[in-house]
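So you can see what is in the structure, the chains are spelled out below.
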Amino acid sequence: MAAFDIYPEYEIVRNNERCTNCRVCEKQCANGAHIFLTDKNRMAADDDKCVNCHRCVAMCPVRALKIVKTNHTFRENLYWTGKSIKEIKRQAESGGVLLSSMGNPETYPVYFDKILLNASQVTNPSIDPLREPMETKVYLGSKPDKVVRDEKGRIKIDLPLHIKLSMPVMLSAMSYGSISYNAHESLARAAAEAGIMYNTGEGGLHEDLYRYGKNTIVQVASGRFGVHSRYLSNGAAIEIKMGQGAKPGIGGHLPGSKIVGDISKTRMIPEGSDAISPAPHHDIYSIEDLSQLVYSLKEATGYTKPIIVKIAAVHNVAAIASGIARSGADIIAIDGFRGGTGAAPARIRDHVGIPIELALASVDKRLRDEGIRNRVSIVAGGGIRSSADVVKAIALGADCVYIGTAALIALGCHMCRSCHTGKCNWGIATQREDLVKRLNPDWGYKRLVNLLNAWKHEIMEMMGGMGINAIESLRGNRLMLRGVGLNEKELEILGIKHAGE
Amino acid sequence: MREGMFRNPSGCAISGIFSKSGKRFSGRQIIESIAVMHERSNGLGGGFAAYGIYPEFKDHYAFHIFYDDIYAKRECEEFLEDHFDIVSFSQIPTRKLPEIKDTPLIWRYFLAPLPAKLADSQQDEGEYVIRCVFRINTGIKGAYVFSSGKNMGVFKAVGFPEDVGRFYRLEEYEGYCFTAHGRYPTNTPGWWGGAHPFALLDFSVVHNGEISSYDANRRTIEMYGYKCTLQTDTEVITYIIDYLHRKQGLDLKEICSVIAAPFWSVIATRPHKEREELEYLRCVFDTLLINGPFSIIVGFEGGMMALNDRLKLRSMVVGEKDDMVYVASEEAAIRVIQKDLDRVWSPKGGEGVIVTLEKGSA
Amino acid sequence: MNVSARRLGSRILNDEIRRAEEDIIIEDCFGERYIGSCASSITITINGTPGNAMGAYLDGATIIVNGNVQDAVGDTMNDGKIIIHGNAGDALGYAMRGGKIYVKGDAGYRTGIHMKEYKDKRHVIVVGGSTGSFLGEYLAGGMIIVLGMESEACPVGDFTGTGMHGGLIFIRSSTPPANLPKQVTVSLADDLDMGSMNEYLMEYADTFGLSIDEILRKPFYRLAPNAKNPYKQLYTIY
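These numbers come from a predicted model, not from an experiment.

1. A closer look at the overall build of chain C
Here is step 1: Along the backbone of chain C there are three helices and 11 strands.
Here is step 2: Secondary structure elements in chain C, listed N-terminal to C-terminal, are β-α-β-β-β-β-β-β-β-β-β-α-α-β.
Here is step 3: Computed over the C-alpha atoms, the radius of gyration of chain C is 18 Å, within 12% of the 18 Å expected from 2.2 N^0.38 for a compact globule of 238 residues.
Here is step 4: By residue count, 56% of the 238 residues in chain C fall in the buried class.
Here is step 5: Partitioning the intrachain contacts of chain C with sequence separation of at least 6 by distance along the chain shows that 39% fall at a separation of at least 24.
Here is step 6: Roughly 10500 Å² of accessible area belongs to chain C as shown, and the carbon and sulfur atoms make up 49% of that amount.
Here is step 7: Averaging the positions of the 22 positive and the 28 negative side-chain charges in chain C gives two centres separated by 7 Å.

2. Structural notes on the sheet that holds strand β9 (residues 169–171) of chain A
All names here are of chain A.
Here is step 1: Read across the open sheet, the eight strands follow the order β9-β19-β18-β16-β15-β12-β11-β10; overall the sheet is parallel. Sheet topology places β9 and β10 (198–199) at the edges, where each strand pairs with a single neighbour.
Here is step 2: Here β10 pairs with strand β11 (residues 216–220) via two bridges, running parallel. Of the residues in β11, the one forming a bridge with Asn 199 is Ile 217.

3. Focus: the interface of chain A and chain C
Here is step 1: The interface of chain A with chain C comprises seven residues on the first partner and 11 residues on the second.
Here is step 2: A combined buried area of about 760 Å² lies between chain A and chain C, and 56% of that area is made up of carbon and sulfur atoms.
Here is step 3: Looking at the side of chain A facing chain C, the largest losses of area belong to Leu130(A), Arg131(A) and Glu132(A), adding up to 70% of the total buried there.
Here is step 4: For the pair chain A and chain C, the number of links is zero salt bridges.

4. Comments concerning the interface of chain A and chain B
Here is step 1: Each partner contributes residues to the interface: chain A has 44 residues there, and chain B has 43 residues.
Here is step 2: Roughly 3700 Å² of surface becomes buried between chain A and chain B when both sides are summed, with 53% attributable to carbon and sulfur atoms.
Here is step 3: By the criterion of area lost to chain B, the three top residues of chain A are Glu135(A), Arg368(A) and Glu472(A), representing 15% of everything that side buries.
Here is step 4: At the boundary of chain A and chain B, one finds nine salt bridges.
Here is step 5: Note that Lys143(A) and Asp286(B) form a salt bridge whose closest N and O atoms lie 3.2 Å from each other.
Here is step 6: Counting the contacts that link chain A with chain B gives 29 residue pairs in polar contact (both at pLDDT 80 or more).

5. Quick word on the domain arrangement of chain A
Residue and element names in this part refer to chain A.
Here is step 1: Domain annotation of chain A identifies domain 1 (10–96) and domain 2 (138–498).
Here is step 2: Taken together, the contacts link 13 residues of domain 1 with 10 residues of domain 2.
Here is step 3: Between domain 1 and domain 2 the total buried area reaches about 1100 Å² when both faces are included, carbon and sulfur atoms providing 46% of it.
Here is step 4: The largest per-residue losses of area from domain 1 upon contact with domain 2 belong to Ala 30, Cys 53 and Arg 55, which jointly make up 46% of the total buried on that side.
Here is step 5: Arg 347 is the salt-bridge partner of Glu 87, the closest N and O atoms lying 2.7 Å from each other.
Here is step 6: If you look at where domain 1 meets domain 2, you find six residue pairs in polar contact (both at pLDDT 80 or more).
Here is step 7: Mapped by element, the contributors of at least two residues to the side of domain 1 that touches domain 2 are α1 (24–28), α2 (55–59) and α3 (82–94).
Here is step 8: The residue makeup of the side of domain 1 that touches domain 2, split by class, is five nonpolar, four polar and four charged.

6. Focus on helix α1 (residues 5–19) of chain C
Since the α-helix packs 3.6 residues into each turn, any two residues three or four apart lie on the same face.
All names here are of chain C.
Here is step 1: Helix length check: α1 (15 residues) gives 15 Å between terminal C-alpha atoms against 21 Å at 1.5 Å per residue, more than 12% under.
Here is step 2: Of all the bends found along α1, the most pronounced is centred on Arg 11 and spans about 80°.
Here is step 3: Taken together, the buried positions of α1 are occupied by Ala 5, Leu 8, Ser 10, Leu 13, Asn 14 and Ile 17.

7. With respect to the packing of helix α4 (residues 125–139) of chain B against helix α7 (residues 233–247) of chain B
In helix packing, the relevant descriptors are the interaxial angle and the interaxial distance, both defined with respect to the helix axes.
All names here are of chain B.
Here is step 1: Axis separation between α4 and α7 bottoms out at 12 Å; the angle between their running directions is 155°. As far as their axial angle goes, α7 and α4 are roughly antiparallel. In this structure, the crossing between α4 and α7 has a hand that is left-handed. Contact with α4, carried on its side by Gly 126, Glu 127, Ile 130 and Phe 134, involves Tyr 239, Asp 242, Arg 246 and Lys 247 of α7 and no other residues of that element.

8. Some thoughts on a negative patch on the surface
All names here are of chain B.
Here is step 1: Taken together, the side chains of Glu 75, Glu 78, Glu 81 and Asp 82 make up a negatively charged region of the molecular surface.
Here is step 2: Residue position: Glu 78 is located in helix α2 (residues 70–83).
Here is step 3: For Glu 78, a relative accessible area of 56% gives the class exposed.

9. Topic: unusual backbone geometry
Here is step 1: The omega torsion across His196(B) and Pro197(B) is 10°, close enough to zero to call that bond cis.
Here is step 2: Among the structural elements, Pro197(B) can be located in the loop between β10 (177–185) and β11 (198–200).
Here is step 3: Non-glycine residue Arg169(B) carries a positive phi angle of around 55°.
Here is step 4: Topologically, Arg169(B) is positioned in the loop between α5 (161–167) and β9 (174–175).
Here is step 5: Among the residues examined, Arg169(B) registers a relative accessible area of 27% and is labelled partly exposed.
Here is step 6: For Lys119(C), which is not a glycine, the phi torsion comes out positive at approximately 50°.
Here is step 7: Accessibility expressed as a relative area gives 65% for Lys119(C), which makes it exposed.

10. Brief notes about the packing of aromatic side chains
Residues and elements named next belong to chain B.
Here is step 1: Taken as a whole and assessed by the stated rule, the structure comprises 28 aromatic pairs over all chains.
Here is step 2: Ring geometry for Phe 89 against Trp 107: centres 6.1 Å apart, planes inclined by 35°, an arrangement best described as tilted. With Phe 89 in strand β5 (residues 84–91) and Trp 107 in strand β6 (residues 105–113), the pair connects residues that are 18 residues apart, well separated along the chain.
Here is step 3: A residue is classified by how much of its surface remains accessible, and Phe 89, at 46% relative accessible area, is partly exposed.
Here is step 4: Residue Trp 107 is classed as buried on the basis of its relative accessible area, which comes to 16%.

11. Focus: the nonpolar core
Here is step 1: One finds Phe63(B), Tyr168(B), Ile221(B), Leu244(B) and Phe285(B) to be the most contacted residues of the largest nonpolar core, which totals 130 residues.
Here is step 2: Those residues in contact with Phe285(B) that sit more than four places away from it in its chain are Val147(A), Tyr243(B), Leu244(B), Gln248(B), Leu250(B) and Val258(B).
Here is step 3: Counting residues in each nonpolar core, the second largest holds 128 residues, with Ile311(A), Ile394(A), Cys413(A) and Leu452(A) among its members.

12. Thoughts on the packing of α2(B) against α4(B)
All names here are of chain B.
Here is step 1: Between α2 and α4, the least distance of the axes is 11 Å, while the angle of their chain directions is 160°. Classified by the angle between their axes, α2 and α4 sit roughly antiparallel to one another. The two elements α2 and α4 meet at a crossing, and its hand is right-handed. Across the interface between the two elements, Cys 76, Phe 79, Leu 80 and His 83 of α2 pack against Tyr 128, Cys 132, Arg 135 and Ile 136 of α4.
Here is step 2: Grouping the amino acids of the contact of α2 with α4 by side-chain chemistry returns six nonpolar, one polar and one charged.

13. Some words on the pairing of strand β3 (residues 46–51) of chain B
Residue and element names in this part refer to chain B.
Here is step 1: For β3, the tally of buried residues reaches six of six residues, placing the bulk of the element in the interior.
Here is step 2: Neither face of β3 is open: one carries Gly 46, Phe 48 and Ala 50, the other Gly 47, Ala 49 and Tyr 51, and all of them are buried.
Here is step 3: Here β3 runs beside strand β8 (residues 152–157); their pairing, made up of six bridges, is antiparallel. Bridged to Gly 46 within β8 is Ala 157.
Here is step 4: Across six bridges, the pairing between β3 and β10 is antiparallel. In the sheet register, Gly 46 faces β10, and the bridge partner there is Gly 182.

14. Brief notes about the confidence of the model for chain C
Here is step 1: Taken over all residues, the pLDDT of chain C has a mean of 92, while the share at 70 or more is 97%.
Here is step 2: On the interface metric, ipTM, the complex scores 0.87, and its pTM is 0.91.

15. Describing the sheet that holds strand β21 (residues 497–498) of chain A
Here is step 1: Spatially, β6-β20-β21 (chain A) is the arrangement adopted by the three strands of the open sheet, whose pairing is mixed. In the strand order of this sheet, the two ends are held by β6 (115–117) and β21 of chain A, each with one partner.

16. What about the side chain of Ser101(A)?
All names here are of chain A.
Here is step 1: Within the secondary structure, Ser 101 sits in the loop between β5 (99–100) and β6.
Here is step 2: On the accessibility criterion, Ser 101 (0% relative accessible area) is buried.
Here is step 3: Here the side chain of Ser 101 touches Cys 419 through a polar contact of 3.2 Å, landing on its backbone nitrogen.
Here is step 4: With near-sequence residues (within four places) excluded, Ser 101 lies in contact with Thr 341, Gly 342, Ala 343, Arg 349, Arg 417, Ser 418, Cys 419 and His 420.

Quick notes on the rules
Residues numbered from 1 in each chain as written. Chains lettered and ligands numbered in written order. Predicted model: local features only at pLDDT ≥ 70, side-chain atom pairs only at ≥ 80, totals over all residues. Heavy atoms only, no water. Helix = DSSP H or I, 4+ residues; strand = E, 2+ residues; numbered from the N terminus. Rg over C-alpha atoms; globule rule 2.2 N^0.38 Å. Buried < 20%, exposed > 50% of the residue type's maximum accessible area, 1.4 Å probe, protein only. Contact = heavy atoms within 4.5 Å. Areas by Shrake-Rupley, 256 points an atom, 1.4 Å probe, with all protein chains shown as cover. Lys, Arg positive; Asp, Glu negative; His and termini not counted. Charge placed at Lys NZ, Arg CZ, Asp CG, Glu CD. Pairing = 2+ DSSP bridges. Buried area = accessible area lost by both parts, 1.4 Å probe. Salt bridge = Lys/Arg side-chain N within 4 Å of Asp/Glu carboxyl O. Polar contact = N/O pair within 3.5 Å; in protein donor to acceptor, adjacent residues only side chain to side chain. Domains from an automatic or database assignment. Nonpolar A, V, L, I, M, F, W, Y, C, P; charged D, E, K, R; others polar. Expected span 1.5 Å × (residues − 1). Bend = angle between axes of the 7 residues up to and from the residue. Axes fitted to C-alpha atoms, helices over the stretch in contact; angles between N-to-C directions. Parallel < 35°, antiparallel > 145°, perpendicular 65-115°, else oblique. Left-handed = near helix turned anticlockwise from the far one by under 90°. Patch = residues over 30% accessible without salt bridge, like charges linked within 9 Å, V, L, I, M, F, W, Y side chains within 5 Å. Phe/Tyr/Trp six-rings, centres within 6.5 Å; stacked < 30°, edge-to-face > 60°. Core = buried A, V, L, I, M, F, W, Y, C linked by side-chain atoms within 4.5 Å. pLDDT = per-residue confidence, 0-100.

Structural data, given as structure tokens:
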């Protein structure tokens, strides 16, 4: 509850001429922001409780509601902004670390928006994706260094462990606990239908979702929640979570109040006990320890599953990636600083980590310089907003991208960033049964499949425009990118030329 | 501006003649053939590759080198003396033509790697020679090795191919295989080294088209020690073929399945063993897939290969008469040197046509 | 009137053709381009291998070739007749609008792309052998007939009719073409279809000395577009 001194950030505006007193808004708001005043026979709102999730706006049958940013202002001050002032007051009130959710909302350069794509013209034809073959199939995994032949001279088909995707997009890790079961089911079914993968996150895998194992990446995080041999064998790949873009360097904490019922069962911890994910894996204090964990998982699954190592994009990400590429891992997932989270300290989320575009470019370059790029596939994530971002990421060097926030938005999220309260009105970031019910997986998975299909077609259009009909010819093809409004250093790190060159 | 400082998209004409029996014939024919396709070039580049032309030195590497000036020549020759046994050398004979201007010094050397140096390097002979070529081309200013195979040579310049052929007195050479290239670049290259064919050891490539996967291909192949200094498609294609053949041991048919890989939908219809192999090759060498229009003729010791991209966006015709095989961008270029053909056809996209010397020939 | 293409070169040769008032026979043809472009009268006979874009924008004249032709023959042809006693290269009849092209042998890739009918203009391409991939891509009108006289298998390549939204393709074959794109429906040609092809098949058989019975010995499959604009569902108003 905010200090009364802080005026609410958002105001609920009700058009009284349209309002019919149907009270749907009252029923739908888990924060109690709407109330029906029986004596006055009209609806009223408590702006202090509004988190701007738009549930009431969407549910109002007569469009009587809208949420506006308050125009109650502090005296103009570009340095001591209202935000800074309010945050200090909150901390003076509570004495606590400011907690927030989703990804970094602050003003840092968005490199994707400063990169432009090429199109073929005259000297080389563009390709029509609707009428000519256009291949988006991707294999993630290590590639052998040398072709080996058998006694008869035929090539030995010993393809290293890999996962096959119909398009270069996967659904990123979001734990069962941070999001609801219905959200997880939607992700699992969408991945199965679209021919891609989704990720369990660190909360284990619910029994009922085991049947989607072929499209599941099972995560092994520092808390090792729900990790046992059946869990490991059920997935198509195993991801070791070393870091997360939204909160590099720190762990996670799901309060005991949320560890009930199936959450407790899936994570295999007692009900009511906190679920703490330590910051480092306490058995990995150096790069060789990571190699040990990678091989322990390979042994545990009889060398049948590719291993992914997920790291946050930090300053020496290129060197870390080089180490991982030599550790026996098959795939490296890099999460940029725009990555989402169910809960993280605001200061860590907003000030730690680097943009995925720069991290990706330098990792790809470093691995090529060392001649080991083909030992791992690279998956890039952290704020992928559209198919254009996907294409740019691949041209910078990624094999595939992870989408998290975009997937949740498809399921109904309106980015109110209040996931940590556990009262998600859309049934996504909550465990309250009455709220979870609102997200119907039959509807949810179709929304995700729609999004993926739409992006797939857009990716094909952009590829065709560049005269490319197979996604592997786009990978690392930096000549297809040009920068605008970037300085020399940025262009150098991204490895692209400036528009006009 | 030299080739290598910018990308130079271009269109072109290509032609190739091969004798399966190894019978050597004059370079006059290939000149006549490429001349017919005059309209496909714009006079800014032409060149030829010829095989079997140095039988008296067939075990030695024949380096053809451009020098900007005498100083480059001296520095380069010092390097060569350090690394090779120079068995013979001379200026490549040329004919003065008004159409061929700004000629550099053009010299030819027959070399064998110095045994001690070769042993020291712990490389096989081919790798040793390639490293030396790279060192000259990137390290010695004004010197450029444009041909480095045994019993073969590349002859190229800025000009229409038929003029280039006459300039080099190609009609005086006899070989069992000749390929030719006429270029239509969109930038003006002043420098001869950028003309085609591109050659590395005994592989020579003439190429028509502009590939869209260039940077993806280049950044992959450079991981394996190759240096794409010219920024041309032909250079990267030649390196890819050399890498897949010499370092990965793939045969030409397998190489075609990598660089012009069939579509997944087509692979799915093939019989099991073939499907497995195609899937394996496509997966392992995915960034070596060459995307975009291309039509190439690859010359190598003892053979020639013609290949189109998998959508067949460029034209290519193959003709046969007795033991002779002809390949060209246009049928007319074949008919003009051999009017009656036993067989003439257009290869399908992605299917390489490979011809080699019959056993016991040349 | 007889002329030698080799001696004159493309420019002068085409000038001569433009000014000719009687039929012209061209000898020694080795790749000279743009022969007969826009020609509207006379008959041009070519002995040899004409270069690319022969008969481009043809407007009523007849061109007979005794040999193979190269690429882009009959590009945007409006009217007239092209008879090829040999094979054709790629992009035959691109955006053709009227007239007839008869090929004795095979045709290459992208035959009959984007051909369209307009008012009373109708056109046809008949290929006696087989064609490469992308036959009739973007077809909007007119008729393509592929006979596969010497083939055992179905005489067309992959992606036949992709993007077809008008016109008809007939394929003479014992088995129907496989793996057709979604925009194309295939069925056996009925009597009405056979009737509409009859005039062309008779003329074709006559031109190349083939027996019409031999042509009609195998069944004909008819390829037609599935819907006029099959891509509507793909787009979201934004």
